[in-house]
Amino acid sequence: MMTEKNMAETVIEYLISKNVRHVFGILAHTSFALGDAIAKRPRLRFIHTQHEGGAGNIALGYARATKKPAVCLVSAGGGATNIVTAVAQAHKESVPLFVISSDIGTVSSGKGAWSSWHGMEHVRLFQPITKQSSKLERVEEIGPLLDSLFRQTTRGRHGPVFLAIPADLQAAAVPEPMTFSETADPIAPSIDSKSAERAVDLLLKASNPVVLVGTGVDWSDAQRQVQELAELLSLPVAASYTAKGVFPENHPLALGCLGAGGRPYAREFFLKSDLILALGTTFSEGTTLGFGHRTIPDKAKIIQIDIDAEELGRNYPTHLSMQADVKAALRTIIDGVRNQKPTAALAGRRVQEIQAAKQAWQNDLEKKIGDGAMTYDSVLKTLNELLSGKETLVTAGMTGELLRNIDATTPIIHAGEFRAIGTALATSLGVKLGLPDARVVCVTGDGSFMMEQQELATARLHNIPVLVIVLRNNAYGGMKRDQLERYGGRVIGTDMFVPDLARLAELFGAKGVTVSRTDEVRPVLKRSLESDDFVVIDMKLDQ
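Residues numbered from 1 in each chain as written. Predicted model: local features only at pLDDT ≥ 70, side-chain atom pairs only at ≥ 80, totals over all residues. Heavy atoms only, no water.

A. View of the side chain of D325. Along the chain, the position of D325 falls in the loop between strand 12 (320-323) and helix 15 (326-340). Here D325 sits buried without a salt bridge, and the closest side chain of opposite charge, K327, lies 7.2 Å off (N-O distance). Among the polar contacts made by the side chain of D325, one reaches the side chain of S220 at a distance of 2.9 Å. Excluding residues that lie within four positions of it along the chain, D325 makes contacts with A188, P189, S220 and I307. (Helix = DSSP H or I, 4+ residues; strand = E, 2+ residues; numbered from the N terminus. Buried < 20%, exposed > 50% of the residue type's maximum accessible area, 1.4 Å probe, protein only. Lys, Arg positive; Asp, Glu negative; His and termini not counted. Salt bridge = Lys/Arg side-chain N within 4 Å of Asp/Glu carboxyl O. Polar contact = N/O pair within 3.5 Å; in protein donor to acceptor, adjacent residues only side chain to side chain. Contact = heavy atoms within 4.5 Å.)

See below:
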């Protein structure tokens, strides 16, 4: 006789059929059935955190690292509201999350949200910040609903989805056994031959073409194609604020970030360009420094390629817009360029110009940190010199400083233009789970770290070794700086009490290190990067 499965077990088996191997969250009485279904299946690992916001941030890191949907499990009421910030970030930054929440039982929900424990309108709360927000109303709906939601996370522009499952329906029997068959992914949309010919013609006729890459290049796995086209036509390449490291910055054609977090020479190259090839990027406020012409020249023609048609020409008029998968589109364009047999006459000159500009910036940096003080710039310069290229960096709380000072060869993961702080530690745990062989380095400000320091317990409990570097100035440093400059030296709400972080780390089972002198920075960072231990460095900057 076949054992009858309940709803919770069906949901979990569906996730396993989609190659989900981790679920991030916190259980409550209303989600015990789902938790028990996970407990019965050792192929699935439940990573429970100290706060649902931490679970959401771990999921964000895991999805960015693996390029696959990450699954969260939270509970009705406060559990669901606690994860809202992470879901909002996933929505803004196009990260695939599948958030499952319990809901109050169907009988209780009939009494109204005011009368029930945890009662609230979960679906309406998540609708503005997800691609799809739904509640399971009947057992028979579960198969089509799961399929619809899971597909939405990665179809077209990626993003989060939300599903609420009432507590009593989790335990309800599924009337018919469900089978989950593999469904072929849709073929990535490319561009037609006429559009490809126009793009090739524009690129070959331009005098000073440049490339701007966004995270759409990363999600499309198109880094090699970008590099191939750049080398073919000697195109300088910059990254958007969120896409730092998508184009490797040890490449001679790399400009680093454009706009916020960028070096001044990236802007100079763009302002003298006559053609911009924009790949998987939105021309955001951070990248453009306010949507004007501070980084994007008024007269430059723009070729924009994006999977989301709504982004094409949204912020700047385009000469050629193409809705397509970046990787597929670039393959077609590269083939077209090769057929034209372009000359590489400008290759040496452009590389020399970039390297000269980069060297001039580095010389200015040396002068800036020449007094020997321990500052953001001096510590990050040393870190940059010690990186092997095999590390993955995660940051919050001093993101601009890190993006400007590090030559990234792999994407640096951060909150993007959602600009949330209190996220880097938890995000780094998700990155480590997704990339277990990488040395994952969390570089964070002390204000950001104090918002989530409790997730050190999550790292210890689940044995997730990361290196945490806290750049400490006992303040929300960027905000305090701007208050001092703009409000007559008055400061409010930006000074902090920060405890001994090395001792705090030891209490959480990490190796704690305090650095308070400049000559200690290099040896401590070198030892910590070479190991795969769980380490927290309290880097006490000169204030």
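B. Quick peek at the nonpolar core. Among the nonpolar cores identified, the biggest contains 59 residues, and V213 and L279 are the most heavily contacted of them. Broken down by element, the residue count for this core peaks at 6 residues, all from helix 15. Those residues within four positions of V213 in sequence are excluded, and the remaining contacts are V226, V237, A238, A239, S240, A243, V246, F247, L279 and T281. In terms of nonpolar packing, the next biggest core, distinct from the first, is built from 53 residues, V95, V99, A396 and L429 among them. (Core = buried A, V, L, I, M, F, W, Y, C linked by side-chain atoms within 4.5 Å.)

C. Seen up close, helix 5 (residues 84-93). Those residues of helix 5 not exposed but buried are A86, V87, A88, Q89, A90 and E93. Those residues of helix 5 that are buried are in contact with helix 3 (52-66), strand 4 (97-103), helix 7 (122-126) and helix 11 (215-219). Positive phi appears at S94, one or two residues downstream of helix 5, with a value of about 60°.

D. The arrangement of the sheet that holds strand 9 (residues 254-257) in detail. Pairing is parallel in the open sheet, where 6 strands are placed in the order 9-8-7-10-11-12. Only two strands of the sheet have a single neighbouring strand rather than two, namely strand 9 and strand 12. With strand direction ignored, the average angle separating the axes of adjacent strands in the sheet is 15°. In this fold helix 10 (residues 193-205) packs onto strand 7 (209-213), strand 10 (275-279), strand 11 (301-306) and strand 12, with an angle of close to 135° to the strand it touches most, strand 12. (Pairing = 2+ DSSP bridges. Axes fitted to C-alpha atoms, helices over the stretch in contact; angles between N-to-C directions.)

E. Representation of the layout of surface pockets within the structure. Taken as a whole, the second largest pocket holds about 1,200 Å³ of empty space. Taken together, 45 residues line the second largest pocket, and the ones lying closest to its centre are G397, E401, G477, G478 and R481. Elements supplying a minimum of two residues to the lining of the second largest pocket: helix 13 (264-271), helix 17 (376-386), helix 18 (399-405), helix 20 (446-452) and helix 22 (477-486). In terms of residues, the lining of the second largest pocket owes the most to one element, helix 22, which gives 7 residues. Class assignment of the residues belonging to the lining of the second largest pocket gives a composition of 16 nonpolar, 16 polar and 13 charged. (1 Å grid on protein atoms, 1.4 Å probe; cavity = no way out; pocket = protein on both sides within 12 Å on 5 of 7 lines; lining within 4 Å. Points joined across faces, edges and corners; volume = space filled by probe spheres on them. Nonpolar A, V, L, I, M, F, W, Y, C, P; charged D, E, K, R; others polar.)

F. Structural view of the packing of aromatic side chains. Taken as a whole, this structure holds 5 aromatic pairs when the rule is applied. A centroid spacing of 6.0 Å and a plane angle of 55° characterise the contact between F98 and F150, whose relative ring orientation is tilted. Of this pair, F98 sits in strand 4 while F150 sits in helix 8 (residues 142-154), and the two are 52 residues apart along the sequence. Taken individually, F98 and F150 each receive the classification buried, so the pair is uniform in this respect. (Phe/Tyr/Trp six-rings, centres within 6.5 Å; stacked < 30°, edge-to-face > 60°.)

G. Fine view of empty space enclosed by the protein. Taken as a whole and assessed by the stated rule, the structure comprises 4 cavities of 30 Å³ or more. By volume, the largest cavity is sized at about 110 Å³. Forming the boundary of the largest cavity are 17 residues, of which R64, Q89, I413, H414 and A415 lie nearest the centre. Secondary-structure elements contributing two or more residues to the lining of the largest cavity are helix 3, helix 5, helix 11, strand 13 (391-396) and helix 19 (424-434). In terms of residue count, helix 3 provides more of the lining of the largest cavity than any other element does, 3 residues in total. Considering only residue class, the lining of the largest cavity consists of 7 nonpolar, 8 polar and 2 charged. Taken as a whole, the second largest cavity holds about 70 Å³ of empty space. In terms of lining, the second largest cavity is formed by N208, P209, V210, P236, F269, K272, R349, R350 and E353.

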